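Structural description and commentary
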Amino acid sequence: MVHYYIGTLLHYLYICSQIFFGLKVFKNFSDYQSHKPLALSLGMFDGVHLGHKSIIDELTKIGFEKNLDTAILTFWPHPRFVFNPDENLKLLNTLAEKKFLIDKYGIQNLFLKEFDEEFRNLTGEEFVRQILVEKLNVKYLIVGYDHVFGKNKSGNFELLQKLSKELGFEVEQMEAINIHENNISSTKIRNALLNGNITEANEMLGYSYSVSGTVVHGKKLGRTIGYPTANIETETLKLLPKKGAYIVEVFVKDQQYRGMLSVGTNPTVNGEKLTVEVYILDFEGNIYDEKITVKFRDFLHKEIKFEGIEKLVERLDEDKRLTEEFGF
């Protein structure tokens, strides 16, 4: 038991040391010059959710035990933009958010591979031989429970097991992580957010879903009814939850506040453009052109077209009361 606690402490200190030195990011395999063997996992890691976190935890554990550097190999942009260019796919993480989370969890190297024509035509076996073994010197590979790769999905765990013996690396397949008897996946998190199920999405993520952006000028209608809002210009590829009102945490100028956020078109005043607006409780000041972040904590109600401004203000008053009473 003593050895277990000592090992756990040393592993924790190892992760802290990797965070201190920071994440190294490579867009081309040729830029990676280290000859130290790698413990690596590959996939999209969209959301860097609890399922991904279990893989990362295992990677850092293996890296510590076997004296290997750790790495994630992912793709940017998402391959689905290549295969289905007309699909309106929205992502759980911006690239900056993904880098932040992978760095936070103690990974040393991040490979951001463009899913170009040459790469997409590699078979699963060619990918393992030419990229993982020859270019990256992978000695320990961890994959998710359902991971496939290579042209026509020709790469899978069975292929990896076969090649590992010949090419001299170890391979491990992680089991699915479940919450309430459901496997965690990026798709399920997207669906939860699109249905307004914030608590469910946050449970699967392991953190509060967030959206960041720059405060821009809007119609300034909120200030005329006692609820001035900050209009947030978000990244195009970032998934926005279901239209409606939410309880959020707001981070602006290194300060944290409570907030009420609306995703919608403001139908009460015949709005048409989709906007993200947040009323920040107990805050005054000009924050135009400032970057702010909101973390979604709970769903208040769906988007409503009220009979008039008076009814709208009544609902805002009630939303404010619920936000003030919410346990942050």
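Quick summary incoming for the structure in this document. Sequence positions are assigned chain by chain, starting from 1 and proceeding in written order. Restriction of local features to residues with pLDDT of at least 70 applies here, the model being predicted, together with a cutoff of 80 or more for giving and counting side-chain atom pairs; totals for whole chains, interfaces and linings are based on all residues. Hydrogen atoms and water are omitted, and side-chain values are computed over all heavy atoms in the structure.

1. Looking at the pairing of strand E12 (residues 255-264)
Relative to E12, strand E11 (residues 244-252) runs antiparallel, the two sharing nine bridges. Its bridge partner being in E12, Glu 249 is matched across the sheet by Arg 258. Following E11, the chain reverses through two residues before pairing antiparallel with E12; Lys 253 in that reversal takes a positive phi of roughly 50 degrees. In terms of strand pairing, E12 meets strand E13 (residues 275-280) through six bridges, oriented antiparallel. The partner of Val 263 across the bridge, within E13, is Val 276. Being paired, for any two strands, means DSSP has found at least two bridges between them. Secondary structure elements are taken from DSSP: a helix is a run of H or I of four residues or more, a strand is a run of E of two residues or more, and numbering for both begins at the N terminus.

2. Let's talk about the pattern of salt bridges
Any carboxyl oxygen of Asp or Glu that lies within 4 Å of a side-chain nitrogen of Lys or Arg is treated as forming a salt bridge with it. According to the stated counting rule, one finds 15 salt bridges in the structure shown. Between Asp 57 and Lys 53 there is a salt bridge, and its shortest N-O distance comes to 3.1 Å. Of the two residues, Asp 57 and Lys 53 are both situated in helix H2 (residues 50-66); the distance of four residues between them amounts to about one turn of the helix. Three labels apply to residues, based on accessible area from a 1.4 Å probe with only protein chains included: buried if under 20% of the type maximum, exposed if over 50%, partly exposed otherwise in between. On the accessibility criterion, Asp 57 (31% relative accessible area) is partly exposed. A relative accessible area of 23% places Lys 53 in the partly exposed class. Here Glu 166 makes a salt bridge to Arg 129, at a shortest N to O gap of 2.9 Å. With Glu 166 in helix H7 (residues 157-167) and Arg 129 in helix H6 (residues 124-135), this residue pair connects regions lying 37 residues apart in the sequence. Residue classification places Glu 166 among the exposed positions, given a relative accessible area of 53%. Arg 129 gets classed as partly exposed once you look at its relative accessible area, which sits at 24%. Each of Glu 125, Arg 129 and Glu 166 takes part in salt bridges that share partners, so that together they form one network.

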